[in-house]
Amino acid sequence: MKKLILFCWVCAIFASSYLKINAQSMQNDISAPKAKIIPKTLKKHKETRIDNYFWLNDRENPEVIDYLNQENAYYESMTSHTQKLKDSLFEEMKGRIKEDDSSVPYFYNGYFYITRFETGQDYPIFARKKGSLSADEEILFNCNEMAKGHAYFKLGGLSISPDNKFASFGVDIVGRRIYTIQIKNLETGEILADKIENVTGASVWANDNSTIFYVRQDQVTLRADKVFRHKLNTASENDVLVFDEVDDTFNVSISKEKSKKYIVIGSGSTLTTEYRILNSNNPDGEFTIFQPRVRGLEYSISHYEDSFYILTNKDKATNFKLMKTPENKTGKKNWVDLIPHREDVLLEDIEIFRNYLVVEERSNGLNHIRIMPWNAAEEDYYLPFGSETYNAYTTTNVDFDTDILRYSYQSLATPSSVIDFNMKTKTKEILKEQEVLGGKFDKNNYVEERVWATARDGVKVPISMVYRKGLEKNGKNPLLLYAYGSYGITMDTYFSSTRLSLLDRGFVYAIAHIRGGEDLGRQWYEDGKLLKKKNTFTDFIDCSKFVIDQKYTSPEHLYAEGGSAGGLLMGVIVNEAPELYNGVIAQVPFVDVITTMLDDSIPLTTGEYDEWGNPNNKTYYDYMLSYSPYDNVKAQEYPNMYVSTGLHDSQVQYWEPAKWVAKLRDLKTNDKLLFLDTNMDAGHGGASGRFEALKDLAKEFSFLLDLEKIKS
């Protein structure tokens, strides 16, 4: 299926100087907040749970805000001795970043488009140049100006009309991924009166240059459920509903085919997809169903000439296959195989050009890019990659009529490069390599490894790691082990300049490619979800034991990190194997599994049933209850923990980590550090500015370095 480009939850890793005051010694002098206990009885399947902190589920309650502020004040007080360390980390990380940086321009519909940053500015500037890179720059949006007066700002869904005269765009100023769409006249600079609220931010232009399609969200659950048609210079109240997704386990999206011929409505759940198409020249027409939904049938479509190409799991193609059908006969009975299913190769994505089909595949945990000419007389081939910890993927390829494929390459020790590859001549040009400022970085100073841990059921789990040359396997090295392990999201290796702060102070950084992702194919995902979800947790624990047994580290120096669903993972491992870790970082953790999954008013809940199970079914209820971190907190020793969240988080509500920390404080039997740090202005992704985000990350890794007592 279409590759998920996500911002993964671990962005970077840092380090700096250690100040002599130890936070743990201060804990006797500073009292941790104690959330009041108000027992609430929760009944399901004739069973009763008592939730003492359910009352925290009310962001409008002043007592809730007061408690969160108390936790923030406690964190600030307990870590005040590390403030210089945090400041130093921030300046160190910022110092490696090229502040006046810009993206590699891409050409589309007569213009070169560029995203750039200016020195000292937090937000991007979107610009374009007509016809040539030497042409005058036209600034489309300066987000630094637009963000003034807002604690959070995000511009998304930028879409240019076919005649290049208008731009539709979405703005979120809260952080809950609730956007308002507006339209800018690029010739006059005027923002039109058109204003469309409570939307996903994405919009698509029809070929008439006066019609856009967009997706509205349910105001309670934030589920993307309705597609509307809007005409320029009209009130949004008059917009026409063109599709309403009534199944609350499905979410809706809108897009336009690369060929520009079709506008596409996508409707999907975890296991099932369905598409509707409309000729872009006929915006007032009716969308037609491409292939009606069939439970368990996943497919995505790409248009080329008189056919559609379908990436699908049809016919039990677990790792997906590529099929083809005429554009006027789109039902699955007309689909024919083009690239058959393979047991050992996951078909991840495709890019269609006029003369070439580009296929992204994954085998043995590594991704590959395959070039297939449409001309049958020419042979297909793969781009060569040499490392075992690399990450290569296609990037911005919006031009249909070109022989140039743009892709990115990086590894744990190799900065990201943007490369243009000529598929005809088989030559490449490196357009840009990420600059690491400061004059100290040399990738030859680092070692990259991929090792395999044996899980308790005999399955081999890969671990990618990077560290400074000269490392001794003596059990004394601090090691940060990261994982996610859900939704079939692959945790590819990536380069991070900020991570160097840890590596250069002796840390090992490692990614455990545990089940629940698609790192080793679709079955790897299937074996880490629903009633097999515990494989995700035991894989991570077994990877932790492996790096200890191999003397990369020891329990005194092992740290774990995960965010969102990876935060759930952190919650489970501290309940099940707290003795393995000196410290744990849980970012926006999903930890109150049962209560959340029983509340269908919470964003994403109903669409998650195919991932976690529906607890209205007792089989799933019992299984989920057996691992839910909040429900399984017990009186035992826990490792040092730093937990972060955002008050406006729309994905994992703030009260999950807040309740979890409150319960941990009440039951844990040791005096290890426990912090809850709530960003009162942000949502699931944290701070919006590029440098503000560095401050958040400096907090996380000053926590690690303080525990390790590493001096700068």
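Calculation criteria
- Residues numbered from 1 in each chain as written.
- Predicted model: local features only at pLDDT ≥ 70, side-chain atom pairs only at ≥ 80, totals over all residues.
- Heavy atoms only, no water.
- Helix = DSSP H or I, 4+ residues; strand = E, 2+ residues; numbered from the N terminus.
- Buried < 20%, exposed > 50% of the residue type's maximum accessible area, 1.4 Å probe, protein only.
- Contact = heavy atoms within 4.5 Å.
- Areas by Shrake-Rupley, 256 points an atom, 1.4 Å probe, with all protein chains shown as cover.
- Lys, Arg positive; Asp, Glu negative; His and termini not counted.
- Charge placed at Lys NZ, Arg CZ, Asp CG, Glu CD.
- 1 Å grid on protein atoms, 1.4 Å probe; cavity = no way out; pocket = protein on both sides within 12 Å on 5 of 7 lines; lining within 4 Å.
- Points joined across faces, edges and corners; volume = space filled by probe spheres on them.
- Nonpolar A, V, L, I, M, F, W, Y, C, P; charged D, E, K, R; others polar.
- Pairing = 2+ DSSP bridges.
- Right-handed = clockwise from strand over helix to strand, strands pointing away.
- Expected span 1.5 Å × (residues − 1).
- Arc of directions from axis to C-beta.
- Phe/Tyr/Trp six-rings, centres within 6.5 Å; stacked < 30°, edge-to-face > 60°.
- Axes fitted to C-alpha atoms, helices over the stretch in contact; angles between N-to-C directions.
- Parallel < 35°, antiparallel > 145°, perpendicular 65-115°, else oblique.
- Left-handed = near helix turned anticlockwise from the far one by under 90°.
- Salt bridge = Lys/Arg side-chain N within 4 Å of Asp/Glu carboxyl O.

Participant: I would appreciate a short explanation of the overall build of the chain in the present structure.
Facilitator: In terms of helices and strands, the chain carries 13 helices and 37 strands. The buried share of the chain, reckoned over its 712 residues, is 58%. Of all intrachain contacts in the chain linking residues separated by at least 6 positions in sequence, the fraction that spans at least 24 positions is 58%. Total accessible area computed for the chain in this model is approximately 28,300 Å², and 48% of it derives from carbon and sulfur atoms. Computed over 86 positive and 102 negative side-chain charges, the separation of the two mean positions in the chain equals 2 Å.

Participant: What's the story with empty space enclosed by the protein in this structure? I'm lost.
Facilitator: Using a probe with the size of a water molecule, rolled over the atoms, empty space left in the structure can be pinpointed. The full count for this structure, using the stated rule, is three cavities of 30 Å³ or more. When its volume is computed, the largest cavity comes out at roughly 100 Å³. As for the largest cavity, its lining consists of 15 residues, and the residues nearest its centre are Gly365, Leu366, Ser464, Asp492 and His513. Here the lining of the largest cavity is built from residues that sort into four nonpolar, six polar and five charged. Its volume calculated, the second largest cavity comes out at about 60 Å³. Every residue lining the second largest cavity is counted, 12 residues in all, and those nearest its centre are Thr79, Phe675, Ser702, Phe703 and Asp706. For the lining of the second largest cavity, the residue count by class is six nonpolar, three polar and three charged.

Participant: Just to check I follow, could you spell out the pairing of strand E34 (residues 558-563) for this structure?
Facilitator: Here is the key point about a regular strand: its side chains alternate between the two faces of the sheet. Most of E34 sits out of view: six of its six residues are buried. Of the two faces of E34, the one carrying Leu558, Ala560 and Gly562 and the one carrying Tyr559, Glu561 and Gly563 are both buried. Sheet topology note: the strand E32 (residues 479-482)/E34 ladder contains four bridges and is parallel. Looking at the pairing, Leu479 lines up with Leu558 of E34. One crossover worth recording links E34 to the parallel strand E35 (residues 583-587) by way of helix H8 (residues 565-576), and it is right-handed.

Participant: How should I be thinking about helix H3 (residues 83-96) in this particular structure?
Facilitator: Structurally, the α-helix is built with 3.6 residues per turn, so residues lying three or four positions apart point the same way. For H3, which comprises 14 residues, the first-to-last C-alpha distance of 20 Å matches the rise-based estimate of 20 Å (1.5 Å per residue) to within 8%. Residues of H3 that are buried: Leu85, Lys86, Leu89, Phe90, Met93 and Arg96. Viewed end-on, H3 has its buried residues packed into an arc of 135°, placing them on one side of the element. On the buried face of H3, the contacting elements are helix H2 (62-78), helix H5 (500-503) and helix H13 (690-708).

Participant: How do you make sense of the packing of aromatic side chains when you look at a structure like this?
Facilitator: The geometry of an aromatic ring pair comes down to the distance between the two centres and the angle between the two planes. Applying the stated criterion across every chain, the model contains 38 aromatic pairs. Aromatic side chains Tyr111 and Tyr113 sit 6.3 Å apart centroid to centroid with 45° between the ring planes, which places their arrangement in the tilted category. Given the relative accessible area of 11%, Tyr111 is considered buried. Here the aromatic rings of Tyr304 and Phe400 are separated by 5.8 Å at their centres, their planes lie at 55°, and the arrangement is tilted. Of the two residues, Tyr304 is situated in strand E18 (residues 299-304) and Phe400 in the loop between strand E26 (390-394) and strand E27 (404-411); the sequence distance between them amounts to 96 residues. The burial state of Tyr304 is the same as that of Phe400; both residues are buried. Counting every residue linked through ring pairs, the aromatic cluster contains Tyr262, Tyr275, Phe290, Tyr299, Phe308 and Trp335.

Participant: Would you explain the packing of H3 against H13 in this entry?
Facilitator: When two helices pack together, their arrangement is given by the angle between the helix axes and the distance between those axes. Closest axis-to-axis distance for the H3/H13 pair is 8 Å, and the angle between their directions is 125°. Relative to H13, the element H3 lies oblique. Two packed elements cross with a definite hand, and for H3 against H13 that hand is right-handed. Residues Leu85, Lys86, Leu89, Phe90, Met93 and Lys94 of H3 form the contact with H13, whose participating residues are Phe691, Leu694, Lys695, Ala698, Lys699, Phe701, Ser702 and Leu705.

Participant: Just checking my understanding: could you explain the environment of Ala560 for this structure?
Facilitator: Mapped onto the fold, Ala560 is located in strand E34. When the C-alpha positions of Ala560 and Thr273 are compared, they lie 35 Å apart, and in sequence the two are 287 residues distant. In this structure Ala560 touches Leu480, Leu481, Phe540, Met570, Ile573, Tyr581, Gly583, Val584 and Ile585, once residues within four positions along its chain are discounted.

Participant: Explain the pattern of salt bridges here, please?
Facilitator: Pairing between side chains of opposite charge can happen when the charged atoms of each approach one another. Enumeration according to the criterion identifies 48 salt bridges in this entry. We note a salt bridge from Arg354 to Asp401, for which the minimum N-O separation is 2.2 Å. Residue Arg354 is found in the loop between strand E22 (346-352) and strand E23 (356-363), and its partner Asp401 is found in the loop between E26 and E27; the two are separated by 47 residues along the sequence. The exposure class of Arg354 is partly exposed, given its relative accessible area of 37%. A salt bridge links Asp420 to Arg406; the shortest N-O distance between them is 2.8 Å.

Participant: Help me out: how do you make sense of the sheet that holds strand E19 (residues 307-312) in this one?
Facilitator: Hydrogen bonds along the backbone pair up the strands of a sheet, which may run parallel or antiparallel. Here four strands make up an open sheet; going across it, the order is E18-E19-E20-E21 and the pairing antiparallel. Whereas interior strands pair on both sides, the edge strands pair on one side only; in this sheet they are E18 and strand E21 (336-339). In this sheet, adjacent strand axes meet at a mean angle of 35° when their direction is disregarded. Direction of pairing for E18 relative to E19: antiparallel, over a ladder of six bridges. Looking at the pairing, Tyr304 lines up with Ser307 of E19.

Participant: Mind showing me how you'd approach the packing of helix H7 (residues 534-549) against H8 here?
Facilitator: The N-to-C vectors of H7 and H8 enclose an angle of 65°; their axes lie 10 Å apart at closest approach. Crossing geometry of H7 relative to H8 is assigned as right-handed. Here Thr536, Phe537, Phe540 and Ile541 of H7 lie close against H8, whose contacting residues are Leu568, Leu569, Met570, Val572, Ile573 and Glu576.

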